[in-house]
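Secondary and tertiary structure notes
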Amino acid sequence: MEPRYEPQLTLSDAAPVNASDRIEGRKKTPLAALAFYYHSYPQLLSYCDFSVVFSHYLTMIQKELELNRVEIQVSRKVLVVGTGLISQGVIHELIEMGYEVISTYAEDRAPEQGHLSDRPSSMPIHTDGVEVLGPTELVRFGGDPGRFNVSFKIDGARLLEKDVGAVILATDCELDEDLDAWKIECAKRVSSVSRLITALDAKDNGLFLEKTAPLTCVFVCGFTHSSNPYSLRKAINASLGLVSEANARVIFLMEHLEVADYGMERLTHKARDAGILFVRLSGTRPEIKSIGQGLRVSYIDEILGDEVQITPDLVVFEEAYRPPKGASQIADVLGIHLDRRGFFQGDNVYNRPIFTNRAGIWVVGSANGPISLEEGLKEAKAAALEVSKLLGDGTRRVEECRAGIIRRRCSACLTCFRVCPHGAVSFNDRRPIFSALACKGCGICVAECPMGVIQLHDFNDDELKAQIPVSSSALNLVAFTCQNSAFEAWSYASMMGLPLPAGLKVIRVPCAGRVGVDLVLSAFKAGVDGVMVLACHHESCKSVSGSLTAEERIKGIKGLLEKIGLEDERLIFAGIGPGMAFDFVKTAQEMEKTVLSLGKRRTYG
Ligand code: SF4
Ligand code: SF4
């Protein structure tokens, strides 16, 4: 008898919800009825131009409706990592919602952003419901969302284990004054923004008020590192302080700036109105030299094309903010990604502002880059709301996991554990457990499993292969399209009536990472003339690494094609965003042209 794929439940105590209640309730929905009638009487809708698109969406809905629902018990404890006001904001929100908190931090030091003493009166320091561990080192992390197990080292030796349902990282960032990068000796005429603010607050004449004549001051931003809204705001506010306190003439020399933040445009207008000059230099750095007791700043003005020289009384360098020490160790243990700068979260736009690649772990405040206190506290609220969505009152009713395996054929090779970008696979008794709460149904593990024992409920091999067209005298093209991107682009193209190749068959997949070697070779085996794997762009892949994995895999399969006597141009990979209908058409037409030039091929195998 053919072995059965078993849907995987997260927890041993997961129990199906009353089945009759589920099925009866669902059959009554209009969409379910529509799906039923469409599949029973497809001719009713075949007159519509968009019937093929419509059919895909109905199948999608029908598959959703088929999933069983289960009840899962989860922990109501939340681990909060961090010091400072933003982490206190997280704790406050969680306690107000009735969750218990375990609070810890990696390093005992004064926070850069927001001291507890600055907290608003509406935010008391909670002691009830909060277990304060003090400084610890995270050494082990396992389980799945709702029931993680964390091990800490306390005092460098003692091991402590805790069960938590969710984790919020509210770590601070570290200030780097970045003055050494410019190698300027005239320390008296040079300052960082923070030092200037301290001097302005203390009315320190030594730094800038000793002159009676108006002061000339140059701010240097975004040359040694990309500026960010938090530090730029700080620099502009300091420059406004100089204008009002010392009647200063201020010039900003700037290169790489990130300015998109609430209120930044208003602040820049205010600075301009106060007479502050902003000069953008692209690709050239200003030259800053000590001359006697003073400084000389020279740069090429891009509009005039001439060199400009200034002898300022003060040069202020914008500061850099670095991730906290130990961020990479924490990320390693938790299995979450870091971005290019080393902050938590990774560079995927879908995760902004508070999500990570792992369900049940969120980042707030400066954990994912410097941010204002106001915005950080908003993120604290948002993360607490996400916790409440995940943990609820301790019992979650969720759809069963989309991934299932034939247990007895699993070789416990850990590949699925390694490749899952969402941390949805854990191991128990040398067998993988797929988490219903964490699995996004991307299918990367299905394509990578060397034993071929994992299947997805809604995209199993048989169903996908059944959609591959059989060999015919006409030219056949197959496009495996990610449902989050290229499939949407194709839907728009079809509904707009754009000219798509006549022999194109679009097959929807949950993620391009689901398209394994077997699926591509099956298409060629069936006599298809060209195969396209169309994915999200790497930085916006909903499955984090699905698009990249697919591209690497396609490169490998191209090598295989040569070995079986097929031209590698018959297989392509491309990134197509969901709104890129015209690019979809262009890619498909180019593929058609390529395949026509290669000629119709014979079936192999
Ligand atoms: S990748 Fe496949 S064979 Fe390996 S552990 Fe996972 S399910 Fe088992
Ligand atoms: S790789 Fe995708 S389908 Fe597999 S367990 Fe992870 S999230 Fe689920």
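A few words now on the sheet that holds strand 28 (residues 530-535). Spatial ordering of the open sheet is given by 27-26-28-29, a layout of four strands whose pairing is parallel. What marks the edges here is a single partner per strand, and that holds for strand 27 (504-509) and strand 29 (571-575). Here the strands of the sheet are splayed against their neighbours by 20° on average, with no regard to which way each runs. As paired strands, strand 26 (residues 477-482) and strand 28 are joined by five bridges and run parallel to one another.

On average, the protein scores 84 in pLDDT, and the residues at 70 or more come to 84%. Under a pLDDT of 50 for its full length, residues 1-30 has, in the predicted model, 73 contacts with residues more than four places off or in other chains. In this model residues 40-49 is a low-confidence stretch, pLDDT under 50, and it forms four contacts with partners more than four residues away in sequence or in other chains.

With that settled, the discussion passes to unusual backbone geometry. At the junction of Arg352 and Pro353, the peptide bond is cis and its omega measures out at -5° in the coordinates. Within the secondary structure, Pro353 sits in the loop between helix 9 (327-334) and strand 20 (361-363). For Asp429, which is not glycine, the phi dihedral falls at a positive 55°. Turning to its location among the elements, Asp429 is positioned in the loop between strand 23 (425-428) and strand 24 (431-434). Despite not being glycine, Arg430 has its phi angle at roughly 60°, a positive value. The topology assignment puts Arg430 in the loop between strand 23 and strand 24. Here Arg430 falls in the exposed class, since its relative accessible area comes to 62%.

The space that makes up the largest pocket amounts to roughly 890 Å³. The wall of the largest pocket is formed by 41 residues, among which Ala359, Leu437, Ala438, Cys439 and Lys440 lie closest to the centre. Elements with a contribution of two residues or more to the lining of the largest pocket: helix 3 (51-66), strand 20, helix 10 (373-391) and strand 21 (395-399). Of the residues belonging to the lining of the largest pocket, the class tally is 18 nonpolar, ten polar and 13 charged. What the second largest pocket holds in volume is close to 460 Å³. If you go around the second largest pocket, you meet 19 residues; those closest to its centre are Glu258, Arg341, Arg352, Asn368 and Pro370. Those elements giving two or more residues to the lining of the second largest pocket turn out to be helix 7 (229-246) and helix 10. Each of domain 2 (77-173 + 324-395) and domain 3 (178-315) contributes no fewer than three residues to the lining of the second largest pocket.

This part takes up the environment of Ile330. Following the sequence through the fold, Ile330 ends up in helix 9. Residue classification places Ile330 among the buried residues on the basis of a relative accessible area of 5%. Measuring from C-alpha to C-alpha, the distance between Ile330 and Arg140 comes to 9.5 Å, with 190 residues separating the pair along the chain. Once residues within four sequence positions are removed from consideration, Ile330 is found in contact with Ala106, Leu138, Leu169 and Phe344.

With that out of the way, let us pick up the site of ligand 1. In the neighbourhood of ligand 1, 14 residues make up the surrounding shell, with Cys410, Ser411, Cys413, Cys416 and Cys449 lying closest. Partitioning the shell around ligand 1 into residue classes produces twelve nonpolar, two polar and no charged.

Attention now moves to the packing of helix 5 (residues 193-202) against helix 7. Put simply, helix 5 and helix 7 touch, their axes get as near as 10 Å, and they point 35° apart. Viewed along their axes, helix 5 and helix 7 form a crossing whose handedness is left-handed. Here Val193, Ser194, Leu196, Ile197 and Leu200 of helix 5 lie close against helix 7, whose contacting residues are Lys234, Ala235, Ala238, Gly241, Leu242 and Glu245. Here the contact of helix 5 with helix 7 is built from residues that sort into seven nonpolar, two polar and two charged.

On to helix 10, then. Under the 1.5 Å per step criterion, the end-to-end length of helix 10 is 27 Å for 19 residues, consistent within 8% with the ideal 27 Å. When helix 10 is considered as a whole, its buried residues turn out to be Glu375, Gly376, Glu379, Ala380, Ala383, Ala384, Glu386, Val387, Leu390 and Leu391. Where helix 10 is buried, its residues meet strand 4 (77-81), helix 4 (85-96), strand 9 (166-169), strand 20 and strand 21. Looking one or two residues past helix 10, Gly392 carries a phi angle of roughly 50°, positive in sign.

The sheet contact formed by strand 6 (residues 130-144) and strand 7 (residues 147-154) spans eight bridges and is antiparallel. By the bridge assignment for strand 7, Thr136 is matched with Ile154. Linking two consecutive strands that pair antiparallel, namely strand 6 and strand 7, is a turn of two residues; a positive phi of about 95° is found at Gly146 within it. A loop of three residues connects strand 7 with strand 8 (residues 158-164), the two strands running antiparallel in sequence, and Asp155 in this loop sits at a positive phi of about 55°.

Right, let's get into the environment of Ser597. Here Ser597 is to be found in helix 17 (residues 581-598). Among the polar contacts listed, one links the side chain of Ser597 to the backbone oxygen of Thr594, at a separation of 2.6 Å.

Moving on, we get to the side chain of Glu255. Locating Glu255 in the fold gives a position in the loop between strand 13 (249-254) and helix 8 (264-273). The side chain of Glu255 is buried and forms no salt bridge, while Arg280, the nearest opposite charge, is found at 6.2 Å. Setting aside its immediate chain neighbours within four residues, Glu255 contacts Cys221, Gly222, Phe223, Arg280, Leu281, Ser282, Gly283 and Thr284.

This part takes up the packing of aromatic side chains. Remark: the centre distance and the inter-plane angle together describe each pair of aromatic rings, the angle taken between the planes. Applying the stated criterion to the full structure yields six aromatic pairs. Measuring from centroid to centroid gives 4.6 Å for Phe141 and Phe148, while their planes differ by 35°, and the two rings are tilted. For the pair Phe141 and Phe148, one class covers both residues: buried. Among the aromatic residues, those joined into a ring-pair cluster are Phe219, Phe252 and Phe278. The ring of Tyr262 has Arg266 lying over it, and the distance from NZ or CZ to the ring centre is 5.9 Å. The aromatic ring of Phe487 is capped on one face by Arg508, whose charged end is 5.9 Å from the ring centroid.

Reading the values: rules and limits
Residues numbered from 1 in each chain as written. Chains lettered and ligands numbered in written order. Predicted model: local features only at pLDDT ≥ 70, side-chain atom pairs only at ≥ 80, totals over all residues. Heavy atoms only, no water. Pairing = 2+ DSSP bridges. Helix = DSSP H or I, 4+ residues; strand = E, 2+ residues; numbered from the N terminus. Axes fitted to C-alpha atoms, helices over the stretch in contact; angles between N-to-C directions. pLDDT = per-residue confidence, 0-100. Contact = heavy atoms within 4.5 Å. Buried < 20%, exposed > 50% of the residue type's maximum accessible area, 1.4 Å probe, protein only. 1 Å grid on protein atoms, 1.4 Å probe; cavity = no way out; pocket = protein on both sides within 12 Å on 5 of 7 lines; lining within 4 Å. Points joined across faces, edges and corners; volume = space filled by probe spheres on them. Nonpolar A, V, L, I, M, F, W, Y, C, P; charged D, E, K, R; others polar. Domains from an automatic or database assignment. Near = heavy atom within 4 Å. Left-handed = near helix turned anticlockwise from the far one by under 90°. Expected span 1.5 Å × (residues − 1). Polar contact = N/O pair within 3.5 Å; in protein donor to acceptor, adjacent residues only side chain to side chain. Lys, Arg positive; Asp, Glu negative; His and termini not counted. Salt bridge = Lys/Arg side-chain N within 4 Å of Asp/Glu carboxyl O. Phe/Tyr/Trp six-rings, centres within 6.5 Å; stacked < 30°, edge-to-face > 60°. Lys NZ or Arg CZ within 6 Å of the ring centre and 35° of its normal.

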